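If you want the building blocks of each chain, they are given just below.
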Amino acid sequence: MKRHLVTFLAFCLAITAGPQDTFLIRDVTLHPVSGPDIPLTSVFVEDGIVADVGPKLAVPKGTKVVDGKGLHLYPGMIDSATTLGMAEIGAVRETTDVAELGDFNPQLRALVAVNPSSEHLPVARANGITSAIALPSGGIIAGQAGLMHLDGWTWEDMDIKRSAAMHLRFPTISLQADESMGRRGADTPASFSEGKRRYDETLQKLRIFFEDARRYQKAKAAGGAGFTVDRKLEAMLPVLEGKQPVMVTAGRKRAIADALDFAKRENLKIILAGCREFTPELLKEIKARGVPVILPETLALPLDEDDPYDALFTIPSQLHREGILFAFATFDSSAVRNLPYQAAAAVPFGLEREDALKAVTLNAAKIWGVEDRVGSVDKGKWADLVLADGDLLETKTQIKQMWMRGRSVDLSTRHTKLADKYASRPD
Amino acid sequence: MRISMIAATLAAAALCSAAGPALPVIAIRNATVHTASGPVLEKSTVVVRNGLIEAVGPSVTAPADAWVLEAPSLHVYPGLTDAMSSWGLPAATPPAAGPGAATAPPPPARGPEDRPSNSSWVRAQDLVNPSDRTVTAARNAGFTTAAVFPTAGIFAGQGALVNLAGEKAGQMTVATPLGQYLSLSPRGFTSFPGSLMGVVAYVRQVYLDADAYRAEKAAYAANPRGARRPAYDRALEGVLESPRLLLPAVWAKELVRMTELAAEFKRPTILYGAHDAARVAPYLAKSGAAVLVSLKWPERARDPDPEADEALRILELRENAPAAPAALAKAGVKFAFYAGGVERPADLRAAVKKAIDAGLDREAAVRALTLSAAEIYGVADHTGSIEPGKIANLTITDGALFQTSTKIKFVLIDGVKYEPAPEAPARQQQEEKR
């Protein structure tokens, strides 16, 4: 029995790690993110794990060596909300699978819907992003967001944390014209009372759903004879038990305040996402309750006509000053490659360079509860590494090499393939 | 023999109805007469005969055959004219396309050659319904006359000046066509023109096409033999028939933009909306454009989001709009008022009073509701003021027109007296009741 277990473990090791997962990166400038930058050092990766960091490392003979002279080593970036692998071409309905029908779909896992062959994955990788949250949308409870590596043959290969959070799209009362289109949507309520009525209705539905889930939890614990499994309510149990956070998308201050109230009433562990507007009171409460925040694009127009031009540019630095844990996300599939620039855009508006970098690496890992594996270059963590010829957040920087769990990843994309094709065209 | 006699009788009947039945001679005696074209005449008499004003003045005596209305405390105004409205038109003017147009959505347009959103040939006088509820509503508000326009589409159609009483639509028409009504609403992303810029380009193209079409038709008419005939284009026919064009412009930048656009078309232009006109009044005066100011002053939304901040731009417009007429008057811009959907008499009085409170001279306000509209549409020689020989459209009130307590006593339209229905209680009281 014991022998079997050992063979099984050895087998597991054999498929997850190989000799190619062991190598030394020499003479590199290391940005571990968890601590200060270290110039001219080496990183030893053994079986996909960062085994040692130091200027002079003793490594086994025959270890593959990567010359890092003049290059910078970073942890791979994490995009904290994307539709990668679920939305290929916006205008082609058949290639878009981000939303399911119905108001409550807690049993759905976005990761299952991810297409590992999406053309957007290599493009995101080429800019230094190694992992991302796959975020489902549609309805009120849209499903479970999962954290994935941006490379793999199947979604199981890519899986880092398949149930990272439950996505709750918090209802809003919005009488404003659709911000992107500048016109009233067909669904925009005609008056505030109408909007409020619909909002109250949705909120009631949500409350009832949580009540049902709690009743189900009790019934299950009691284990009566008549108990039958309900997939939807079953999926709510980790949320009720506080094991799984609820990722609540709420854009404007009223929605954020309402979401915080709701979380307090229902005693939920939440992550706020997509927030674009804060008041000092809200920031204090978010800080006091230790709620992390996922921020959408930095370079966006102000929400209201009379807002200062930099209303949204300064949000990251405000959050940082307040001591709130936050990370950036693109909420997109084709724009994931812009994640580093989204973080960089906050730097001229008061966010320190190191904190911008944290917001796309270590802080994201902390928010998603995977900081023991990813988010920084530290002994014992996965070797999710990016070797770049400059500052990771700088647009002109080129990514030279990337590893996921020590495995070298292909950096060619549809763009590079086309570039090569036309560059080799005979005159 | 018999047949021809019947025909003769019918012809006589037709003649009779065209001229209308004999009308009573009316003399309004001892009233304060606001002629609009001249000074206010105290203790004067207005004599109306056969639907026309026969005489006016302090020394005029009522003829022996006249029905004399003693009016020592009454004010007589020229019939109020709504300079742009849809009184008497069906609620949603159909785009008047082919059969089945009501059910099937129009196919997406590929470009200006498809003439999307264009019913320029539609004439308001053909759509007027004398028994429409709004005709009575307008009269109740003191209006005797309105410039009515179809409003559906970018090129909505041609307006007509109508008197707001009559058994048949034909009797109501005073002058037509007044001009082409344009709106600038894009048609959405799926069809040309999908944006404001597209709409402006489209309007420009239609006017270019119309001028080319006219030249082509003239050349063909002069020498048809051996030439290919130009294809008939009703959309351009309608544009060519219209003596002037009406363009929407509320904000200052829109007023300037539309003035510049209209200058390219070399046609008389009327800008409507004009709430932000105070900022560009001297510019408008120089351009020579006529302006119609909506009496529907911008208001805060009925049921707004209590937490939403309104933009400063919106607040400013709300504050400044009622001062636009005074600014236009001062700069010497030809302007008139239109109700813009304000229907209740009390609301109308309040709306005009706002403009007066913001600096508009009282008689200028009267003019903007009477003679100015007639002048803008080129019909001031036979209507719009109280002068002998003009159409007997009069509005008679029991006090100065725009005081809150003033009531409309009656109106004369084509010399016929109409009394308004009793005024409904003010909106506030109604809401409290609910």
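**Considerations on the overall build of chain B**
Point 1. Secondary structure assignment for chain B yields 13 helices and 18 strands.
Point 2. The proportion of buried residues among the 434 residues of chain B is 42%.
Point 3. Within chain B, contacts between residues separated by at least 24 positions form 70% of all contacts whose residues are at least 6 apart in sequence.

**A look at the sheet that holds strand β12 (residues 293–295) of chain A**
All names here are of chain A.
Point 1. Read from one edge of the open sheet, eight strands run β6-β7-β8-β9-β10-β11-β12-β13, paired in mixed fashion. Whereas interior strands pair on both sides, the edge strands pair on one side only; in this sheet they are β6 (77–82) and β13 (326–328). Along the sheet, successive strands turn relative to each other by an average axial angle of 25°, direction set aside.
Point 2. Across three bridges, β12 lies against β13 in parallel orientation. Within β13, the position partnered with Val293 by the bridge is Phe326.

**Topic: the interface of chain B and chain A**
Point 1. Opposite the nine residues of chain B that make contact, chain A presents nine residues.
Point 2. Within the side of chain B that touches chain A, the residues separate by chemical class into three nonpolar, no polar and six charged.

**Some thoughts on the environment of Leu303 of chain A**
Residue and element names in this part refer to chain A.
Point 1. You can see Leu303 is positioned in the loop between β12 and α9 (315–322).
Point 2. On a C-alpha basis, the gap between Leu303 and Ala346 in space is 17 Å, while along the polypeptide they are 43 residues apart.
Point 3. Those residues in contact with Leu303 that sit more than four places away from it in its chain are Arg252, Arg276, Glu277 and Ala311.

**Some details on the confidence of the model for chain B**
Residue and element names in this part refer to chain B.
Point 1. Summarising the model, chain B shows a mean pLDDT of 88, and 89% of its residues fall at 70 or more.
Point 2. For chain B, the element scoring lowest by mean pLDDT is helix α1 (residues 2–19), at 47; strand β15 (residues 335–338) scores highest, at 98.
Point 3. Predicted confidence for residues 8–18 stays below pLDDT 50, and this span has zero contacts to residues more than four positions away or in other chains.
Point 4. Long-range and interchain partners of residues 93–102, a stretch whose pLDDT sits below 50, account for 11 contacts in this model, where long-range means more than four residues apart.

**Examining the pairing of strand β3 (residues 52–57) of chain B**
Point 1. As paired strands, strand β2 (residues 40–49) of chain B and β3 of chain B are joined by five bridges and run antiparallel to one another. Opposite Arg49 of chain B, over in β3 of chain B, you have Leu52 of chain B as the bridge partner.

**Overview of helix α2 (residues 133–140) of chain B**
Point 1. What α2 of chain B keeps buried is the set Val135, Ala138, Arg139 and Asn140 of chain B.
Point 2. Looking at the buried side of α2 of chain B, the elements it contacts are β6 (80–85), β7 (143–148), α10 (345–357), β17 (408–413) and β18 (416–418) of chain B.

**Some thoughts on the nonpolar core**
Across soluble globular proteins, nonpolar side chains have a tendency to be buried as a group.
Point 1. Membership of the largest hydrophobic core comes to 114 residues, with the highest contact counts inside it found for Val46, Ala277, Val291 and Leu292 of chain B.
Point 2. The element contributing the most residues to this core is helix α4 (residues 196–222) of chain B, with seven residues.
Point 3. Per-domain counts for this core show at least three residues from each of domain 1 (1–79 + 385–434) and domain 2 (80–384) of chain B.
Point 4. With sequence-adjacent residues up to four places away left out, Ala277 of chain B is seen in contact with Leu255, Leu284, Val291, Val293, Ala324, Ala327 and Leu328 of chain B.
Point 5. Judged by nonpolar contacts, the second largest core, of 112 residues, contains Ile133, Leu233, Leu362 and Ile367 of chain A.

**A few points about the confidence of the model for chain A**
Point 1. Of the residues in chain A, 93% reach a pLDDT of 70 or more, and the chain-wide mean stands at 92.
Point 2. Here residues 177–184 of chain A is modelled with pLDDT under 50, and outside its nearest four sequence neighbours on either side it reaches five contacts, counting other chains as well.

**So, the packing of α4 of chain B against helix α5 (residues 234–241) of chain B**
All names here are of chain B.
Point 1. Orientation of α4 relative to α5, taken along the N-to-C sense of each, is 90°, at an axis distance of 9 Å. Looking at the two axes, α4 sits roughly perpendicular to α5. Residue-level inspection shows Val206, Tyr207, Asp209, Ala210, Tyr213 and Arg214 of α4 in contact with α5, the latter providing Leu236, Val239 and Leu240.
Point 2. In terms of residue class, the contact of α4 with α5 is made up of seven nonpolar, no polar and two charged.

**Quick look at the domain arrangement of chain A**
All names here are of chain A.
Point 1. With domains assigned, chain A is organised as domain 1 (15–76 + 375–427) and domain 2 (77–373).
Point 2. On a C-alpha basis, the centroid separation for the pair domain 1 and domain 2 is 30 Å.
Point 3. Contact residues are listed per partner, giving 24 residues for domain 1 and 28 residues for domain 2.
Point 4. Residue assignment for the side of domain 1 that touches domain 2 shows that the elements contributing at least two residues are β5 (72–75), β14 (385–388), β15 (399–404) and α13 (414–423).
Point 5. Examining the composition of the side of domain 1 that touches domain 2, we find that three residues originate from one element, β15, more than from any other.

**Digging into the environment of Val40 of chain B**
Residues and elements named next belong to chain B.
Point 1. Looking at the secondary structure, you find Val40 in strand β2.
Point 2. Accessibility expressed as a C-beta count within 10 Å gives 14 for Val40, which makes it partly exposed.
Point 3. Between the alpha carbons of Val40 and Ala160 there is a distance of 30 Å; along the sequence they are 120 residues apart.
Point 4. Excluding its chain neighbours within four sequence positions, the residues that come into contact with Val40 are Thr32, Val33 and His34.

About the cut-offs
- Residues numbered from 1 in each chain as written.
- Chains lettered and ligands numbered in written order.
- Predicted model: local features only at pLDDT ≥ 70, side-chain atom pairs only at ≥ 80, totals over all residues.
- Helix = DSSP H or I, 4+ residues; strand = E, 2+ residues; numbered from the N terminus.
- Buried ≥ 20, exposed ≤ 12 C-beta atoms within 10 Å, placed from the backbone.
- Contact = placed C-beta atoms within 7 Å.
- Pairing = 2+ DSSP bridges.
- Axes fitted to C-alpha atoms, helices over the stretch in contact; angles between N-to-C directions.
- Nonpolar A, V, L, I, M, F, W, Y, C, P; charged D, E, K, R; others polar.
- pLDDT = per-residue confidence, 0-100.
- Core = buried A, V, L, I, M, F, W, Y, C linked by C-beta atoms within 7 Å.
- Domains from an automatic or database assignment.
- Parallel < 35°, antiparallel > 145°, perpendicular 65-115°, else oblique.

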